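One letter stands for each residue in the lines below.
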Amino acid sequence: MASSQGISLQQAAERRMSLPDALAAGTTAFRGAYVHVPFCRHKCHYCDFYSFVDSDGRQRAFVERAKQELEAWSPCVSAPLETLFVGGGTPTMLAPDELRDLLGAIRQAFPWKAKAEWTVEANPETVTPEIAAALVESGVTRVSMGAQTFQPRLLQALERTHDPASVGRAVGHLRSAGIGQLNLDLIYAIPGGTLAEWQDDLRRTLDLAPNHVSCYGLMYESNTPLGQRHAKGLVQGAPEELEVAMHEAACAALGTAGFEHYEISNWSRRGQRCRHNELYWRNDDWLAVGPSASGHASGLRWRNVPRLGDWLADGPWSPVQDVERLSEDGRIGEAFMMGLRLLDGMPEGRVRDLLASGAKATVRQLAIARHVEAGLLEWVEGTLRLSARGRMLASEVAVDLL
Ligand code: SF4
């Protein structure tokens, strides 16, 4: 990240910036918390999250260190938080007693709203009855599980180690334990995958009756082995028409099944959107705990160092790697980028307010007019939103508004 005001990235690294000092500059009302658990059973070659196979058995050390950091954050939160997201990595790689300890410390550290949403990410092969019980007993209300695809050869292409049957088994354990809300993550446009296989993935997902589904086109990130092979032409991505057809198939199958398409890649049963992700898309404030976790407070964004060894050796605050205080223009650009991802769109008044200031106001006005003319953006009942075609080209629209 580049720094546009205040402290520079390098200064932050040199000073190992203290977050309380940086946050003191603004009035922060955190609404959620993110905790990053970096352990995985296997590193998938397309994954650019900070996660790895730990041969040193540092899970217990991780939990103890996270507890220190949570305690340090505790005085910074006065109003009850609404959402928790424990992501990774694979949080369900922790042993049941470690999960209980971590979740108990999170509960203790902050005040929580009575109906707070508590999500934990899981991989199907790690969900046992004991893990499911630990989650429910600790107050987890929602599990987000990476099913990705039900085709064994495509799971292999992704280097995922679970077998398709483990998804149903894990869902069974979670339901028996009493988890009410379940998201299944799917990936489409996997090299070699067909439209018929994707339609089968959607059918099998719906058979498991989740209340939320996320569908992402496979990304070729430059810092991953798959991305590097793709850049060298050694792996061919799915043709664009196929990717569009797959997205449309998801819209059709999930729409017919009664799901509300509320964000480019996300569908939910009515009233069961992921509140934590909505917090990101609405640019609210959340705190971040754990190596590589990113947080946002009063226009300040930061990212903790993505190295478990450094993080364990420091404390109680995470050593911070990147920090950025967004300029007014940066904030306006992000508000457009995130706001347009939501299919509800952005109310005209909000658009007008955002266009009233910032050095790039005229550029943005012209960009909106151009994209409306090209059919990528549309005004519907007083809101500005991406059209069906615009949703497939969302990043092009976002670049112009950033
Ligand atoms: S299991 Fe998930 S977090 Fe872990 S390496 Fe694979 S994609 Fe990344």
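Counting restarts for each chain, with residues numbered from 1 along the sequence as it is written. For this predicted model, a pLDDT threshold of at least 70 governs which residues receive local features, and a threshold of 80 or more governs which side-chain atom pairs are given and counted, while totals over whole chains, interfaces and linings are taken from all residues.

### A short note on the domain arrangement of the chain
Then step 1. For the domain bounds, the source is a domain assignment made automatically or taken from a database. One can read the domain layout of the chain as domain 1 (9-281) and domain 2 (327-402).
Then step 2. Using only C-alpha atoms to locate each centre, domain 1 and domain 2 end up separated by 28 Å.
Then step 3. Residue pairs are scored as contacts if the distance between their C-beta atoms, which are placed from the backbone, is within 7 Å. The interface of domain 1 with domain 2 comprises 8 residues on the first partner and 8 residues on the second.
Then step 4. Only DSSP runs of H or I covering at least 4 residues are called helices, and only runs of E covering at least 2 are called strands; the numbering of each starts at the N terminus. Here the element with the most residues in the side of domain 1 that touches domain 2 is strand β7 (residues 260-263); it accounts for 3 residues.
Then step 5. Any residue outside Ala, Val, Leu, Ile, Met, Phe, Trp, Tyr, Cys, Pro, Asp, Glu, Lys and Arg is labelled polar, Gly included; the first ten of those are nonpolar and the last four are charged. Of the residues in the side of domain 1 that touches domain 2, the class split is 5 nonpolar, 2 polar and 1 charged.

### Details of the packing of helix α8 (residues 195-207) against helix α10 (residues 240-256)
Then step 1. Orientation of α8 relative to α10, taken along the N-to-C sense of each, is 25 degrees, at an axis distance of 10 Å. By the angle between their axes, α8 is roughly parallel relative to α10. Judged by the twist between their axes, the crossing of α8 over α10 is right-handed. Every residue of α10 that contacts α8 at Leu-195, Trp-198, Gln-199, Leu-202 and Leu-206 is listed here: Leu-242, Ala-245, Met-246, Ala-249, Ala-250 and Ala-253.
Then step 2. Tallied by class, residues from the contact of α8 with α10 come to 10 nonpolar, 1 polar and no charged. Every axis corresponds to a line fitted to the C-alpha atoms, with the helix fit spanning only the stretch in contact, and the corresponding angles, defined between N-to-C directions, vary from 0 to 180 degrees. Angle categories are assigned with fixed cut-offs, so that under 35 degrees is roughly parallel, over 145 is roughly antiparallel, 65 to 115 is roughly perpendicular, and the rest are oblique. Less than a right angle of anticlockwise turn of the near helix away from the far helix marks a crossing as left-handed, whereas a clockwise turn marks it as right-handed.

### What to know about the confidence of the model for the chain
Then step 1. Across the chain, the average pLDDT comes to 91, with 93% of residues at or above 70.
Then step 2. Confidence drops under a pLDDT of 50 for residues 1-17, and excluding neighbours within four residues, the segment shows 33 contacts in the predicted structure. Within a predicted model, pLDDT stands for the predictor's per-residue confidence, ranging from 0 to 100.

### Topic: the sheet that holds strand β13 (residues 346-347)
Then step 1. Only strands joined by at least two bridges in the DSSP assignment are considered to pair. Taken together, the 3 strands give an open sheet; going across it, the order is β13-β15-β14, and neighbouring strands pair in antiparallel fashion. Among the strands making up the open sheet, the edge pair consists of β13 and β14 (377-380).
Then step 2. As defined by bridge partners, β13 adjoins strand β15 (residues 383-386) across 2 bridges and the pair is classed as antiparallel. Pairing of Pro-347 across the sheet is with Thr-383, part of β15.

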